[in-house]
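The residues making up each chain are set out below.
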Amino acid sequence: TATIFQTDCSKASVEGRDGEMYFVVLPTQHQRRLIQIPAVVHKSDFMLGYEPQSDTIVASIQTSSDSNISTVFIMPSRQGSLSNRRGPVEDLIQLEQQLISSPSIYYHLLRTLAKRESMEIQLPRFSHRSIINSTELLRKMGFNELLTKNRANLQGLGSTDEQLYLSDLMQINTFTNCANQFKELHREDDSAASPLSQLAAAAADRRKKDSQS
């Protein structure tokens, strides 16, 4: 199965400075480097909110003008200070843990959302696809025969005389923010792990190198 979430970019802009933003990368404790990435500015087509308990900003952008499905972006309002060796990755990981351990924070965030006609929001232009293989999970749940040739009983699902069975169960999730509308330049990732899992591994590796320097 496949699920695609795509933001509505009919009122978005990538002209001039709207189409670029910079991320601060800290290779070591005493160095900074700016990385330019493709971006998009959403204008009057989103809702914005702030939750003081978690000091978190939330933005909601519809997938289309007539849809009741939105893509929600959540981020800390301030980055951790360099004095305690925290950075954007650590802040995101901590925020994710808070949202998982305290679902009420997420509900409070959604309640703060409101139209902000006089404001604009700039976000990275990206496409991310994750692939989840649930075959082993089905085996652990006891569906071994369903996944075994000549043992699965799927009669009635087709007109063929060949015996059917389930070889794999795959789920593909794709999230895009103006990647299809502005195809000339956007960030594209394809992985089997969650983005934060990859960021956490990179952050741990960076801290290890910092401690050795």
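If you're wondering where the values come from, they're calculated on a predicted model, not measured in any experiment.

Caption draft 1: Region of the structure containing the nonpolar core. Listed in full, the seven residues of the largest apolar core are Phe-46, Leu-48, Ala-59, Ile-61, Phe-73, Ile-121 and Leu-123. Elements supplying a minimum of two residues to this core: β5 (46-51), β6 (56-62) and β9 (120-124). Setting aside residues no more than four positions away along its own chain, Phe-46 makes contact with Ser-60, Ile-61, Lys-115, Arg-116, Met-119, Glu-120 and Ile-121. With five residues, the next largest nonpolar core counts Ala-12, Val-14, Val-40 and Cys-178 among its residues.

Caption draft 2: Up close: a nonpolar patch on the surface. Taken together, the side chains of Tyr-22, Val-24 and Leu-34 define a hydrophobic patch exposed on the protein surface, amounting to about 290 Å² of accessible area. Inspection of the secondary structure assignment puts Tyr-22 in strand β3 (residues 20-25).

Caption draft 3: Structural view of the packing of aromatic side chains. Applying the stated criterion to the full structure yields three aromatic pairs. A centroid spacing of 6.4 Å and a plane angle of 90° characterise the contact between Phe-73 and Phe-126, whose relative ring orientation is edge-to-face. With Phe-73 in strand β7 (residues 70-76) and Phe-126 in strand β10 (residues 126-133), this pair connects stretches of sequence that are 53 residues apart. For Phe-73, a relative accessible area of 19% corresponds to the buried category.

Caption draft 4: Up close: the confidence of the model for the protein. Here the protein averages 76 in pLDDT, while 72% of its residues score no lower than 70. Low confidence marks residues 80-85, where pLDDT is under 50. Its contacts with residues over four positions away, or in another chain, come to ten contacts.

Caption draft 5: Fine view of unusual backbone geometry. A positive phi angle, close to 70°, is found at Asn-150, a residue other than glycine. With a relative accessible area of 59%, Asn-150 lands in the exposed category.

Caption draft 6: Inspection of the side chain of Asn-177 at higher detail. Of note, Asn-177 is situated in strand β11 (residues 170-177). A polar atom in the side chain of Asn-177 sits 2.8 Å from the side chain of Thr-7. At 2.8 Å, the side chain of Asn-177 forms a polar contact with the backbone oxygen of Pro-124.

Rules of the game
- Residues numbered from 1 in each chain as written.
- Predicted model: local features only at pLDDT ≥ 70, side-chain atom pairs only at ≥ 80, totals over all residues.
- Heavy atoms only, no water.
- Core = buried A, V, L, I, M, F, W, Y, C linked by side-chain atoms within 4.5 Å.
- Buried < 20%, exposed > 50% of the residue type's maximum accessible area, 1.4 Å probe, protein only.
- Helix = DSSP H or I, 4+ residues; strand = E, 2+ residues; numbered from the N terminus.
- Contact = heavy atoms within 4.5 Å.
- Patch = residues over 30% accessible without salt bridge, like charges linked within 9 Å, V, L, I, M, F, W, Y side chains within 5 Å.
- Areas by Shrake-Rupley, 256 points an atom, 1.4 Å probe, with all protein chains shown as cover.
- Salt bridge = Lys/Arg side-chain N within 4 Å of Asp/Glu carboxyl O.
- Phe/Tyr/Trp six-rings, centres within 6.5 Å; stacked < 30°, edge-to-face > 60°.
- pLDDT = per-residue confidence, 0-100.
- Polar contact = N/O pair within 3.5 Å; in protein donor to acceptor, adjacent residues only side chain to side chain.

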